[in-house]
Amino acid sequence: MSAVDLTTRYLGLDLTSPLIAAASPLSRSLDNARQLEDAGAGALVMYSLFEEELTHQENATARFMIDQGIGFGEADSFLPFHDSAFQHGLEQYLDQVRTLKQALTIPVIASLNGVSLDGWIEHGRLLCEAGADALELNVYHLASDLDESGEAVERRYLELLTALKAEVTVPVAMKLSPYFSSPGHFIRRLAEAKADGVVLFNRFYQPDIDLDHQQVVSQLSRSRPDEIRLALRWLALLYRKTPLTLAGVGGVHSGADALKLLLAGADAVQLCSALLVQGPEYLATVKQQLVEQLALFDSDCLADVIGRFSQRQCHSPEVFERANYIHLIDSYNPAAGVHL
């Protein structure tokens, strides 16, 4: 069999593989980034630059460095002195963008995580100047204000996207949560606002209650393979109905997981938890599994199968609709515990 062609196009970028290393701490290390590229990653999304982190650092800088002389003179010696060794989080991030761009041949996508216009436009411009091939905008906003409407939340996203696109020349992808009342309509609005792609879906880490210690706790939970179904449905519904390029993320742990999202309509898939657990070299295993699974479809070209099982092209488009839910409920046998 001839060599398998895994090339794809995402955000206007030509990728040698649809497997993208998602935003994670792995990109903080040049060695890890090189391993990901050697293992067959088509692109690398850098760890996220968080608005809250930069704001905290700016406040700390003002308190301990810029305003040292304000207060008790005898206490000044206990405060850190601002010298060239101090490097702000944004400066560190920009340096890492430059380092990765110099060392890697695959596209490097910078990740911005925040909810406000303040600073993000400038940050986006600086990341573009540092060499980022694209930006992934993760607008994490928890609408806890009961007076804030869904329309207001969507407008927040659109205003940020519009302002950012006016300042940068690189493609911008919006990484979305699954909690919009009408994801398809909102994604259409993103396209009208000149987004280049969407990533479906972001995973939020939910709080829990520790009964033994009687307190609210927050802990990291890794994704599971069955979580791909959420993105799979919406990728299948959106395929060829939007000009945006599509990426699936959340639950991709094998080549089979990746292929399912591609068959649904994704142009690329992102991996995170599997790489954090197994190491960056595990991406080579996923890539080989993807090649083997692709052979089951008698194809040696990925482009031939993308979207093959989307709602637009599959033989039973109703499986993506509510009617399928009704059928599954009616077919359940409580005694046997299995579907008939």
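Residues numbered from 1 in each chain as written. Predicted model: local features only at pLDDT ≥ 70, side-chain atom pairs only at ≥ 80, totals over all residues. Heavy atoms only, no water.

Comments concerning the pattern of salt bridges
Pairing between side chains of opposite charge can happen when the charged atoms of each approach one another.
And then number 1: Considering all chains together, one arrives at 13 salt bridges under this definition.
And then number 2: For Lys-101, the salt bridge is made with Asp-133, and the minimal N-O distance between the two is 2.8 Å. Of this pair, Lys-101 sits in helix H3 (residues 89–103) while Asp-133 sits in the loop between helix H4 (120–130) and strand S6 (134–138); the two residues are 32 residues apart in sequence, bridging distant segments of the chain.
And then number 3: For Lys-101, a relative accessible area of 27% puts it in the partly exposed group.
And then number 4: The salt bridge involving Arg-155 is made with Glu-151; its shortest N-O contact spans 3.8 Å. Taken together, the residues span about one helical turn, with Arg-155 and Glu-151 both in helix H5 (residues 150–165) at a distance of four residues.
And then number 5: Via salt bridges that share partners, Glu-151, Glu-154, Arg-155 and Arg-189 belong to a single interconnected network. (Salt bridge = Lys/Arg side-chain N within 4 Å of Asp/Glu carboxyl O. Helix = DSSP H or I, 4+ residues; strand = E, 2+ residues; numbered from the N terminus. Buried < 20%, exposed > 50% of the residue type's maximum accessible area, 1.4 Å probe, protein only.)

Here's the deal with the sheet that holds strand S7 (residues 172–176)
And then number 1: Ordered in space as S3-S4-S5-S6-S7-S8-S11-S12, the eight strands form a closed barrel in which the pairing is parallel. Strand-to-strand, the axes of this sheet are offset by a mean angle of 25°, without reference to chain direction.
And then number 2: Bridge analysis of S7 against strand S8 (residues 197–200) gives four bridges, and the strand direction is parallel. Note that in S8 the partner of Met-174 across the bridge is Val-198.
And then number 3: Sheet contacts for helix H6 (residues 183–192): S7 and S8; angle to S7, the most-contacted strand, approximately 160°. (Pairing = 2+ DSSP bridges. Axes fitted to C-alpha atoms, helices over the stretch in contact; angles between N-to-C directions. Contact = heavy atoms within 4.5 Å.)

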